[in-house]
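Analysis of the macromolecular model
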Amino acid sequence: MSSEYGVSGGIMELLNQLSRDEILEVLSQGFCQHCEALLQQRVHNILNNKVSKTSSSENGSESIIKLPEQQATMAVDTIRTPPTPPNSMISEQLARPVTNSDILLNDGLGGTYSAINNGLSEEQKEQIRFSQVGRKKDFVHMEKINGRATNVLKGIELHTEVFNAEEQKNIVECVYNLQRMGQKGQLRERTYSEPRKWMRGKGRVTIQFGCCYNYAEDQKGNPPGILRDEEVDPLPPLFKQMIKRLVRWHVLPPTCIPNSCIVNIYDEGDCIPPHIDHHDFLRPFCTVSFLTESNIIFGSSLKIVGPGEFSGPVSISLPVGSVLILSGNGADIAKHCVPGVPGKRISITFRKMDESKLPYNFSSDPELSGINPLIVSPSVNSAQQGHYRRPVPQSSFLRAVVLQNQRRNEQLNKDKSEESAKTTNNDSFLSRNDDFPPLGRVSKVARSKQ
């Protein structure tokens with residue numbers, strides 16, 4: 001692949017032709033699991049030796065311990081570190097392998113300390129994180145709809161590694177803080193709902209921002225849909241940062257920037273019954289998953305087997321930190337549901353309201369206008385249908401590494417898609433009006449604090 005860009009020779013000869021910054025770029029990209037494991041082991045050996053040598057000289061005026069954030073520069077140069085983080089932090093970072101997904105961006109979603117930020121600009125860090133996102137867009141399940149064979153999963157996408165562990169932690173803490181505010185009555189009445197858990201699968205907590213959505217006809221006779229005369233709290237700042245990333249990283253299109261969301265907080269066994277999202281919301285919309293990996297079931301007809309138990313032809317696993325996109329047939333023909341979850345789970349569903357259904361007192365947020373997607377190389381246009389080719393940076397050596405990762409991931413996606421293609425017959429489906437909890441005040445039965 002190197003000869004493709006006009007360079008030849010062994011690895012050391014190639015590295016000798018690079019500047020320090022170019023070597024940093026190469027080392028900042030992903031490797032195959034065997035090479036990555038080997039590099040990590042070598043770096044950890046060096047780090048452990050450095051720590052053992054300096055532990056006996058704590059009174060020294062300058063420390064040259066190289067933390068994992070500096071692993072990319074060790075073979076190139078010696079860099080004196082800024083004030084060293086606490087020893088406990090060093091031990092924690094040394095105790096686990098460091099990956100590119102550990103990079104934290106200065107966008108309000110991560111923390112203040114990153115394992116491998118040294119020597120990288122914000123643009124470089126974002127390009128690295130963006131290149132790590134996995135994208136599967138070739139879901140296939142054929143059903144007979146109106147006499148025609150139809151892929152009912154067309155428009156479904158799964159994006160993984162969009163939010164790393166540190167970012168997930170901050171988002172979950174934000175959700176729990178919002179839940180505490182709701183329990184204390186510090187949110188608007190229709191923002192927070194915590195119904196009594198009267199049977200298995202019923203009673204999940206919901207928090208709505210941007211609009212009040214009515215799941216079923218309420219006591220006032222309001223039909224399902226957005227209640228335009230009801231007010232809820234606006235999107236929290238952290239959620240707006242999530243939306244910005246989803247648009248910048250080509251998960252959601254800039255033509256459909258969400259202006260509302262609903263948070264679902266599940267206890268073990270809680271579920272979401274079969275449904276199709278209301279057309280008061282535009283397509284596409286997305287759901288981000290946290291805490292526990294769970295399944296979502298798709299099909300034009302789904303069956304209610306029992307409390308929190310459903311059956312259908314296709315089940316897709318939702319990893320923590322992943323984003324599921326629903327559009328096209330996947331949003332409008334296939335119903336979807338979440339069976340009783342195996343453990344504590346949080347999901348955040350972002351949606352854009354139809355202009356004609358906006359609440360009467362709704363005001364657009366200028367912070368969510370004019371979000372520009374990350375610039376993608378023209379090579380993306382030649383990507384296989386059903387796959388997303390990651391952008392290729394300008395450095396020739398960096399392009400070689402990224403293209404190698406892309407081809408490997410595309411082959412993995414191809415292998416998975418061949419296994420997932422199925423054909424089934426339609427099943428009968430019985431819907432019930434009480435599948436979703438009613439919106440309202442917090443239940444008088446206090447739920448234990450998280």
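In the nomenclature of an unreviewed UniProt entry, the protein is known as Oxoglutarate/iron-dependent dioxygenase of Corchorus olitorius. Within the UniProt record for the protein, the comment given under Sequence similarities (unreviewed entry) is "Belongs to the alkB family."

The 8 strands are arranged 1-4-16-11-18-9-6-5 in an open sheet whose pairing can be described as antiparallel. Edge strands, defined here as strands with exactly one partner in the open sheet, are strand 1 (134-136) and strand 5 (192-193). Sheet analysis places strand 4 (residues 157-160) next to strand 16 (residues 323-326), joined by 3 bridges and oriented antiparallel. What sits directly across from E157, in strand 16, is I325.

Helix length check: helix 7 (residues 237-248), at 12 residues, gives a terminal C-alpha distance of 17 Å against a target of 16 Å (1.5 Å per residue), a fit within 8%. With 9 of its 12 residues buried, helix 7 lies for the most part within the structure. Taken as a whole, helix 7 has its buried residues at L238, F239, K240, Q241, M242, I243, R245, L246 and V247. Immediately downstream of helix 7, the backbone of H250 shows phi near 65°, a positive value.

Before going further, it helps to examine the sheet that holds strand 15 (residues 314-318). What the 4 strands build is an open sheet, ordered 10-17-12-15; its pairing is antiparallel. Each edge of the open sheet carries a strand with a single partner, namely strand 10 (272-275) and strand 15. The sheet shows a mean angle of 20° between the axes of neighbouring strands, taken without regard to direction. Pairing geometry for strand 10 and strand 17 (residues 335-338), over 2 bridges, is antiparallel. Looking at strand 17, one finds that I272 is bridged to V338.

Our focus in this paragraph is the pattern of salt bridges. Following the criterion strictly, the structure yields 14 salt bridges and no others. Between K136 and D138 there is a salt bridge, with its nearest N and O atoms 2.7 Å apart. Residue K136 is classed as buried on the basis of its relative accessible area, which comes to 14%. For D138, a relative accessible area of 11% translates into the label buried. Residues R188 and E231 are paired through a salt bridge, measuring 2.6 Å at the closest nitrogen-oxygen approach. Of the two residues, R188 is situated in the loop between helix 6 (165-183) and strand 5 and E231 in the loop between strand 8 (225-226) and helix 7; the sequence distance between them amounts to 43 residues. Look at R188 and you get partly exposed, because its relative accessible area is 39%.

The terminal C-alpha atoms of helix 6 lie 27 Å apart, and with 19 residues this matches the ideal 27 Å at 1.5 Å per residue to within 8%. For helix 6, the full list of buried residues reads E167, Q168, N170, I171, V172, C174, V175, Y176, L178, Q179 and G182. Count one or two residues on from helix 6 and you reach G185, which has phi positive near 75°.

Before going further, it helps to examine the pairing of strand 12 (residues 294-299). Counting buried residues in strand 12 gives 5 out of 6 residues, a clear majority hidden from the surface. Note that strand 12 and strand 15 share 5 bridges and pair antiparallel. When the sheet's bridge partners are listed, F298 is paired in strand 15 with V314. Two strands pair when backbone bridges link them, and strand 12 and strand 17 are joined in this way by 3 bridges, in the antiparallel orientation. Of the residues in strand 17, the one forming a bridge with G299 is K335.

Here is what the cut-offs are and how they apply
Residues numbered from 1 in each chain as written. Predicted model: local features only at pLDDT ≥ 70, side-chain atom pairs only at ≥ 80, totals over all residues. Heavy atoms only, no water. UniProt positions renumbered as here; feature names shortened; annotations may be inferred. Pairing = 2+ DSSP bridges. Helix = DSSP H or I, 4+ residues; strand = E, 2+ residues; numbered from the N terminus. Expected span 1.5 Å × (residues − 1). Buried < 20%, exposed > 50% of the residue type's maximum accessible area, 1.4 Å probe, protein only. Axes fitted to C-alpha atoms, helices over the stretch in contact; angles between N-to-C directions. Salt bridge = Lys/Arg side-chain N within 4 Å of Asp/Glu carboxyl O.

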